[in-house]
Amino acid sequence: MSRSGLSAERVITAGVELLAAALEGQAVDVRRVDWAPPVAGAEDALATVLLDPRRAQANADAVAAMTSARAELVDVRPASECLGLERGHFLHAGPPIGWDRASGPLRGALIGAAVYEGLAATADEAETMLAEGAFTWEPCHHRGAVGPMAGVVSSSMWMLELHDDLHDTRSWCSLNEGLGKVLRYGAYSPDVIDRLRWMSDVLGPALQKATRARGPIDVKAIVAQMIQMGDEGHNRNRAGTLMLLKEWLPHLIEAGLDPADLAEVVRFVSGNDHFFLNVGMPTCKLMTSAAAGIPGSTVVTTMARNGTDFGIRVSGTGDAWFTGPAQLAEGLYLGAFGPDDANPDIGDSAITETAGIGGFAMATAPAIVRFVGGSVPDALATTRRMYDICVGDNPGWALPIMDFRGTPTGIDVTAVLRTGRLPQINTGMAGKVAGTGQVGAGLVTPPMDCFTAAIEALADAVPARS
Amino acid sequence: MVVAIEAADDEAVGRAMAALGEALTRRPATSSTDSLGPLTSRTVGTAARTAEADLALVSTPGRVAVLDAVDALDSGLDVMLFSDNVAVEHEVALKERAAGAGLLVMGPDCGTAVVGGVGLGFANVVRPGPVGIVAASGTGAQHLMALLDEAGIGVAHCLGVGGRDLSSAVQGRSTFAAIDRLIRDDKVELIVVISKPPAAEVAAMLRDRATKVATPVLVRLLGPGEPDLTQTAAAVADALGRPWREPARLGPSLERRSGWLRGLFSGGTLCDEAMLIAAEALGEVWSNIPLAGQPALDETLTAPGRHVFIDFGDDRLTAGRPHPMIDGRIRNERLARELADPGCAVVLLDVVLGHAAHADPAAELAPLVASADKPVIVSLVGTRDDPQGRDGTAARLVDAGAVVHASNAAAAREAVLVVSAGTP
């Protein structure tokens, strides 16, 4: 690190333009910083945190942990079995929330789950019981799991189980139901419940047989390939889904399933472009979990929304949530739906951005702008912008269009506040009325409040200088 | 991915592993552009990730300048911190971190530096040579370099350390770091440290350090009873065995006059030096940056019937507007008032040339000087090769009727002489 010579042949400048120009006049190689003031009010906490001598190494360790984490799909099992989830206790997306503040889609999904579990005979009865406190719920993240959109998990739902054999951690996610009117978007009509039952009765057991017969599937390797095939791993999972199916297919065929069931399972997985999302998310969860709890690190380890609040967690502050109001996404709407129908941002799926894909890898998925809106140049610019708020690159996930630079990895709270650039998230949009389902897809960011709250807590956690 | 290594022995395996590690961690794009065009960065930290650099020049607002300065240190870069109003605890923390990394923090409030011939901030174009300067880093350092340049003595580096570096709080961390860097440079034959009087314990550390290094170190303090910058330049010439002649004076000879001296400065150290000379001869001298025991001007910056010195580069006068070395308007307005004031007998002012300074200060000053019915004495800090053209600037000011000195001390002495017999 120490510099032996004294040289100013190559200078980075931040601030007064006149001084940069004066250097250029002397034939100095000048690199100008496109400087902007940090977010107002965060200046003093930022200085405290940046001067913390632990920070640089802690952040390097966090990114190293994230990129070195492994993620293998090892099993498919009911939540009661793998998570020990009891009847009447639910998991949900985002930070903790009570019924009174719960959004329409989260309420709808809890209603649907209660009906599905047979805890209530009708949706009305389920709603009454939920409002009266007959059941309990907690964030998926508190149990090492992740759930897309409402993210509601109940005891008899089947879960994809992933293992990081380097850090010996596990993560779980439910099976993806497809698009449109589905539980995770808050729909709970009889056809939704029927599909969930088929998934538990046929799909889950079939995938369990195939997974166990196949042996561990390296999901990070699939992500590495899919992001070179036009997927960004959050709202576009087309290549990933087919590659996952390719791993399962021979073992499904050999599993001795009823031919009609076999055909339906293959049809269901291959016909749902988002099926892979539910293995991609726990993969990202394993990565970010590996980076959690490092004293002095300012790397974001969780971004999650419950439809009311957006919450983040940061490595150096452990399990604390820093929340702000969830925003409305901007994007494209399905059918006759419009902005008035959309609920604010919801779901644990922003774990993909937390691990460096999704919106952060937009550049590699130009086709996605037809789904979430925007233009191809916007997609390219988004990824470049995200490098400015991340600690490092993930060499395992290289983006061809960025000259094979790795995905931007390890969102740095201090960088977000200094640049004013918020993490870009690709997302689906749920209807705000319980029972509606999906109304569109688009782009969204966290509220800055999450980051201003986090920097204060990080500053408080810096040991006093001796 | 599996990498197989076929090797003759363990040592070869080690080499292969090292090469593999490097290949796997090498960042593919370290250029300032990618396939999409030029990269922009919002922080020094991200810029340093994609650009090879030696040093970062930070001139962002003082409350937040520490952020980009930390980035630079974390990226292995020396920092010139031009920003003022940086908290002393930030300064100490930055300099501690730099010491741990073998890096140098120049500043804060470092207005000038020369590193390997490159002028940073307000800097004059000086020839390369054997002198390494460590200074608080303002116009004092610029003046010393200009005087040496005129004597044919070049400067290898001039490293600014900030005005508080030799205080008890900062403990001379950058001064010592700068000396360490200069003694490792074979081109440096003499190190000159110029500073306001340091804290007693830091002065002792500095004297101790100066005696223990192989390169000769000349420590010169600025203040009452100490040599002025011109005498310091002469001492440097003497130490190097180079000839010295008194710096140039151009313009008409002046008569003694009755009235008051008004010093209008853009450089704080130049103002201080002139005040020391004036106070010694004239007694009471009013200023917005008063010497110890001398009266302070209020915000009107006026004291009729008194000798007055104003530093227009003082932080309190530059808040929200450009430094008078860049934009001379405020000082020029005051000059016009003093020229019209019958009580003012003589005006003393500095003109600082060099990179980043006003492109043509003579264009604004010469008409004012030409209209004057009283002497205007200019302390001109600059070198032959400065972008503004020192000799042309001097000639235009002399043509307008000014007296131009290459020595600030000599300019101050002449101004004092004009009023010394005639003070009412």
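Everything numeric in this text was worked out from a predicted model, so none of it was measured. (Residues numbered from 1 in each chain as written. Chains lettered and ligands numbered in written order. Predicted model: local features only at pLDDT ≥ 70, side-chain atom pairs only at ≥ 80, totals over all residues. Heavy atoms only, no water.)

A. Geometry of the overall build of chain A. Of regular secondary structure, chain A possesses 16 helices and 17 strands. What you see for chain A is a C-alpha radius of gyration of 23 Å, in line with the 23 Å of a compact globule of 466 residues. For chain A, the spread of C-alpha atoms along the three principal axes comes to 75 × 50 × 50 Å. Across the 466 residues that make up chain A, the buried fraction comes to 63%. The long-range share in chain A, meaning contacts at least 24 apart out of those at least 6 apart in sequence, stands at 72%. Summed over all atoms, the accessible surface of chain A reaches about 15700 Å², with 52% contributed by carbon and sulfur. Taking the 36 positively charged and 53 negatively charged side chains of chain A as two groups, their mean positions are separated by 4 Å. (Helix = DSSP H or I, 4+ residues; strand = E, 2+ residues; numbered from the N terminus. Rg over C-alpha atoms; globule rule 2.2 N^0.38 Å. Buried < 20%, exposed > 50% of the residue type's maximum accessible area, 1.4 Å probe, protein only. Contact = heavy atoms within 4.5 Å. Areas by Shrake-Rupley, 256 points an atom, 1.4 Å probe, with all protein chains shown as cover. Lys, Arg positive; Asp, Glu negative; His and termini not counted. Charge placed at Lys NZ, Arg CZ, Asp CG, Glu CD.)

B. Representation of the overall build of chain B in the model. Along the backbone of chain B there are 14 helices and 18 strands. Relative to the 2.2 N^0.38 estimate, which gives 22 Å for 424 residues, the radius of gyration of chain B is 25 Å and therefore close to what a compact globule would have. Projected onto its principal axes, the C-alpha positions of chain B cover 95 × 50 × 40 Å. Split into buried and exposed, the 424 residues of chain B put 58% on the buried side. Long-range contacts, defined here as pairs at least 24 residues apart, represent 72% of the contacts in chain B between residues at least 6 apart. Entry remark: accessible area of chain B is about 16700 Å², with carbon and sulfur atoms responsible for 53%.

C. Inspection of the packing of helix H5 (residues 139–150) of chain B against helix H9 (residues 268–282) of chain B at higher detail. All names here are of chain B. Two numbers describe how H5 lies on H9: the axes approach to 6 Å, and their chain directions differ by 80°. In terms of orientation, H5 lies roughly perpendicular with respect to H9. Taken together, the residues of H9 that come into contact with H5 (itself represented by Thr-139, Gly-140 and His-143) are Gly-268, Thr-269, Leu-270 and Glu-273. (Axes fitted to C-alpha atoms, helices over the stretch in contact; angles between N-to-C directions. Parallel < 35°, antiparallel > 145°, perpendicular 65-115°, else oblique.)

D. Main features of the environment of B:Ala406. Residues and elements named next belong to chain B. Looking at where Ala-406 falls in the secondary structure, it is placed in the loop between strand E18 (403–405) and helix H14 (408–420). The partly exposed category is assigned to Ala-406, whose relative accessible area is 25%. Spatially, the C-alpha atom of Ala-406 lies 6.5 Å from that of Arg-249, the residues being 157 residues apart in sequence. Once residues within four sequence positions are removed from consideration, Ala-406 is found in contact with His-143, Leu-147, Pro-247, Ala-248 and Leu-380.

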